[in-house]
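The residues making up each chain are set out below.
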Amino acid sequence: LGLVEALEASGQLAGYHLLAATKADMYRRLGRAQEAAACYREALSLASTDAERRFLARRLAETGGAGSGPESTCGPEGGSGPETGSGSGPETAAG
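Residues numbered from 1 in each chain as written. Predicted model: local features only at pLDDT ≥ 70, side-chain atom pairs only at ≥ 80, totals over all residues. Heavy atoms only, no water.

Caption draft 1: Layout of helix α2 (residues 17-29). Its 13 residues place the ends of α2 18 Å apart at the C-alpha level, agreeing with the 18 Å of an ideal helix rising 1.5 Å per residue. Elements that come into contact with the buried residues of α2 comprise α1 (2-10), α3 (33-46) and α4 (50-62). Downstream of α2 by a residue or two, Gly 31 has a phi angle that is positive, lying close to 80°. (Helix = DSSP H or I, 4+ residues; strand = E, 2+ residues; numbered from the N terminus. Expected span 1.5 Å × (residues − 1). Contact = heavy atoms within 4.5 Å.)

Caption draft 2: Focus on the environment of Ala 38. Its location among the elements puts Ala 38 in helix α3. Distance from Ala 38 to Gly 65, taken between C-alpha atoms, is 8.5 Å for residues 27 residues apart in sequence.

Caption draft 3: Inspection of the state of the cysteines at higher detail. Inspection of the entire model under this criterion finds one disulfide. Each sulfur in the disulfide pair Cys 39 and Cys 74 lies 2.1 Å from the other. Between Cys 39 and Cys 74, the S-S dihedral sits near 95°, and the bridge is therefore right-handed. In this pair, Cys 39 sits in helix α3 while Cys 74 sits in the loop between α4 and α5 (90-94), placing the two residues 35 residues apart along the sequence. Cys 39 sits in the buried class, given a relative accessible area of 0%. A relative accessible area of 10% means that Cys 74 is categorised as buried. (Disulfide = S-S within 2.5 Å. Buried < 20%, exposed > 50% of the residue type's maximum accessible area, 1.4 Å probe, protein only.)

Set out below in structure tokens:
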């Protein structure tokens with residue numbers, strides 16, 4: 001996750017839906033549904049094909065659609081602090 005966030009912070013892939021989708025999937029696997037949902041929403045807004053949008057919408061639904069509040073953003077500064085972690089450890093090792 002740390003490498004993906006560093007790539008995101010570089011701005012080289014700004015606006016690329018698969019960057020947000022990758023970050024969302026990592027959050028989902030870490031059990032961080034709120035952050036995953038925010039990133040899936042971003043990826044959905046950027047996806048260009050119906051197949052991609054259907055896939056991302058399914059993944060978003062799997063998160064329960066959590067994270068619609070203003071604190072839920074999928075960006076270099078949004079939602080990646082230790083207070084949002086699951087406490088299981090992998091998210092701190094990756095950052």
